[in-house]
Structure formats: structure tokens, C-alpha cells
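Each chain, written out:
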Amino acid sequence: MAGDFYQALGVSRQASTEEIQRAYRALARRYHPDVNHDPAAEERFKEISEAYQVLSDPDSRRRYDRFGADFRQVSEESERAGAGQRGGVRVDYGTGGINIEDLFGDIFGRSGPMPGADQEAELELTVEEAYRGGRRTLTIGGAREYEVTIPPGVVSGQRIRLAGQGGRGGSSGRPGDLYLVVRIAPHPRYRLSGRDIQVTLPVAPWEAALGAYLPVGTPGGDVKVRVPAGSSSGRRLRLRGEGMPNAHGRPGDLYVEISIRVPPKPTRRERELFEELAAVSDFDPRKP
């Protein structure tokens, strides 16, 4: 692999064996494929493993310091004779070429067990489930079941921690945590913006013209809203604190958008009344 071994471990060329070991221990904990599932982490782990393998051995480190990246191409006999010689040594720096258990047992065994990795999974909820909270039994990976307590008022992107339910630790290390990332599914009636809830309220023409107190459905049940006289479609009414709950702060608000609906098939009497209104009214909605 290309690159400077000292830079790969983040140590100086004067670093002691103990400093090299500490640097490798910290990096291995971070980039080992069993811990870090980022595809780039495996290449990084191979790089630091190669650097540690060379620099932790006094003889190979001495030869690396003397010949640099070409140190493997110089045989020991040629080195002693002072002449360079090309060789054909093949070194496998993947996990198949290094006994990870032996290597980690040597390094981590002296500094304590290796903790398990934290993991994430998606938790999809309806708006009503997110509003109310409660208990859910989840099956993740088609096998293991988890009992989850969902706090009332969770929002998309919020994480619910299940302590000790993540990746298993090594050498009796503590397991990692499982984080459930909330995603609230689209709803045919409610639209969420953070903790605010938006809902459309159908209103009859006479209710909009004369004003009315009307029920509006929310995830927590119906509430009454006053539609002011003279309201038009698109008008938004704000009900403070009627949005998503918040255990640690102010709840969201409920925004009710008025949508005026007319009878799709008016009766004869309704038609007569509309015709009478049209005859006596000088209201023109197209005028500014």
C-alpha cells in the first residue's frame, strides 16, 4: 500500500514502540470492519494494520527507516552486503492475512475489552402513533424482537435509544446501543412541519360567510375552532399548543386551513336561494 507508515498511524518518526501501539489501538477500534461498516473503513483498517505490522517490529522498522517504501525489495543478505536486490515477496494485508483475534488479543487484552458498535434502524410511525406514543414490539432483521417505548410527540429524525441492544462487544466488552430513527409516514389528512400540524377544514359557503364554531379532527381527537365571518378559502387559523406534544418544551401548534365547498348537487330550494343571493349581491370575488 502507498503512503507513509508513520503518517498512517499519526505518529512521528521518533515515536516509541508504546506510542505506536497506542496509536494503532485507537485507530483499530475506530476502523475495524466488525465495528465500522463504512466501505472506506476496511481500506483504512488495512492501511493502519500494514503500518503497525511494519513499525511494531524493530527489524522491519529499521529497514523501513533505511530504505523507505522499497524496504521489502531489499533482501536481508543484500542489505548486509550493502547491495540492493529485487524480490518477489507477496504480503496480504486484508483480514485474511492477519490473525485478527491474535492481534486484538495482544493489543486490546492489555487495555480492556472492546465495546460493541452502535447500530441504527428505521422506525416508521403514523402521525397518530407519533402523537400518542406508547409501546411497540418490533422485529428487526427478520429475527430479533424488541419492546420499544415511544414517547408522545416524537418527530421525524428523532432517535430512540435501546441501551445494550447494538453490536456485541469483543473480549467480554459491553454491547453497543441500538438507535431507532423515527420516520413519520405521509398522512392523507395531516401535514407535519416539525411539531406543527396542518389540516384542511371543509366549510360550507354560509358557514364561511356568517361564521361558525366547527369541529376539526386532530391526532388527539376533535377540537372546536371558530371560523370568523367572511372567511375565504386558504385562510389559516392557528390553535396554540394543539400540535404535537413535547415532553421537554412547548408543544407544536395546529394550523387549520379553510376550504369552502359547495353542494355538488344542490336541491331545488338550494338553487333558488343561491339564485336569489346572486340577484341581490353586488359582491365580485375577482375585484381586488
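Given the structure is predicted, the values throughout are model-derived calculations rather than measurements. (Residues numbered from 1 in each chain as written. Predicted model: local features only at pLDDT ≥ 70, side-chain atom pairs only at ≥ 80, totals over all residues. Heavy atoms only, no water.)

Q: What should I look at first to understand the overall build of the protein chain in this one?
A: When you go through the protein chain residue by residue, the secondary structure sums to 9 helices and 11 strands. Among the 288 residues that make up the protein chain, the fraction classed as buried is 35%. Of the contacts made within the protein chain by residues no fewer than 6 positions apart, 52% connect residues no fewer than 24 positions apart. When the accessible area of the protein chain is evaluated, it comes to approximately 17,700 Å², of which 48% is carbon and sulfur surface. (Helix = DSSP H or I, 4+ residues; strand = E, 2+ residues; numbered from the N terminus. Buried < 20%, exposed > 50% of the residue type's maximum accessible area, 1.4 Å probe, protein only. Contact = heavy atoms within 4.5 Å. Areas by Shrake-Rupley, 256 points an atom, 1.4 Å probe, with all protein chains shown as cover.)

Q: Honestly, the layout of surface pockets in this entry has me stumped. Any pointers?
A: To locate leftover empty space, one rolls a probe as large as a water molecule over the atoms. Computed from the structure, the largest pocket encloses a volume of approximately 700 Å³. As for the largest pocket, its lining consists of 20 residues, and the residues nearest its centre are P205, W206, A209, F274 and L277. Secondary-structure elements contributing two or more residues to the lining of the largest pocket are α8 (205-210) and α9 (268-280). Looking at the lining of the largest pocket element by element, the count peaks at 6 residues for α9. Among the residues forming the lining of the largest pocket, the class breakdown is 14 nonpolar, 4 polar and 2 charged. (1 Å grid on protein atoms, 1.4 Å probe; cavity = no way out; pocket = protein on both sides within 12 Å on 5 of 7 lines; lining within 4 Å. Points joined across faces, edges and corners; volume = space filled by probe spheres on them. Nonpolar A, V, L, I, M, F, W, Y, C, P; charged D, E, K, R; others polar.)

Q: Explain the pattern of salt bridges to me, please; I cannot follow it from the model alone.
A: Opposite charge on two side chains lets them pair, provided their charged atoms get close. Enumeration over the complete set of coordinates arrives at 15 salt bridges. A salt bridge links D177 to R161, with the shortest nitrogen-to-oxygen separation between them at 2.9 Å. Pair noted here: D177 is in the loop between β4 (159-162) and β5 (178-184) and R161 is in strand β4, with a separation of 16 residues, a long-range link. For D177, a relative accessible area of 9% translates into the label buried. (Salt bridge = Lys/Arg side-chain N within 4 Å of Asp/Glu carboxyl O.)

Q: Looking at this structure, how should I read the sheet that holds strand β1 (residues 119-125)?
A: Each strand in a sheet pairs with its neighbour through backbone hydrogen bonds, running either in the same direction (parallel) or in the opposite one (antiparallel). Taken together, the 3 strands give an open sheet; going across it, the order is β1-β5-β4, and neighbouring strands pair in mixed fashion. In the strand order of this sheet, the two ends are held by β1 and β4, each with one partner. Going across the sheet, the axis of each strand differs from the next one's by a mean of 30°, ignoring polarity. As paired strands, β1 and β5 are joined by 7 bridges and run parallel to one another. Residue L125 lies in a different strand from β5, and its bridge partner there is I184. (Pairing = 2+ DSSP bridges. Axes fitted to C-alpha atoms, helices over the stretch in contact; angles between N-to-C directions.)

Q: Explain the environment of P188 here, please?
A: Of note, P188 is situated in the loop between β5 and β6 (191-193). Accessibility expressed as a relative area gives 83% for P188, which makes it exposed. Taking the C-alpha atoms as reference, P188 lies 9.8 Å from V199; in sequence the two are 11 residues apart.

Q: For this particular structure, what's the right way to read the packing of aromatic side chains?
A: Centre-to-centre distance and the angle between the planes together describe a pair of aromatic rings. Applying the stated criterion across every chain, the model contains 3 aromatic pairs. For the pair Y6 and Y64, a centre-to-centre distance of 6.1 Å together with 40° between the ring planes defines the contact as tilted. Taken together, the residues Y6 in helix α1 (residues 5-9) and Y64 in helix α4 (residues 58-67) connect sequence positions 58 residues apart. The exposure class assigned to Y6 is buried, which follows from its relative accessible area of 1%. Y64 sits in the buried class, given a relative accessible area of 4%. (Phe/Tyr/Trp six-rings, centres within 6.5 Å; stacked < 30°, edge-to-face > 60°.)

Q: How do you make sense of the packing of helix α2 (residues 17-31) against helix α3 (residues 39-55) when you look at a structure like this?
A: Between two packed helices, the angle of one axis relative to the other and the distance separating the axes together describe the packing. As a packed pair, α2 and α3 sit with axes 10 Å apart at the nearest point and diverge in direction by 160°. As the angle between them shows, α2 and α3 are arranged roughly antiparallel. The two elements α2 and α3 meet at a crossing, and its hand is left-handed. Residues I20, Q21, Y24, L27, A28 and Y31 of α2 form the contact with α3, whose own contacting residues are A41, R44, F45, I48, S49, Y52 and L55. Of the residues that constitute the contact of α2 with α3, the class distribution is 10 nonpolar, 2 polar and 1 charged. (Parallel < 35°, antiparallel > 145°, perpendicular 65-115°, else oblique. Left-handed = near helix turned anticlockwise from the far one by under 90°.)

Don't take any of this as a statement about function, it's just geometry.
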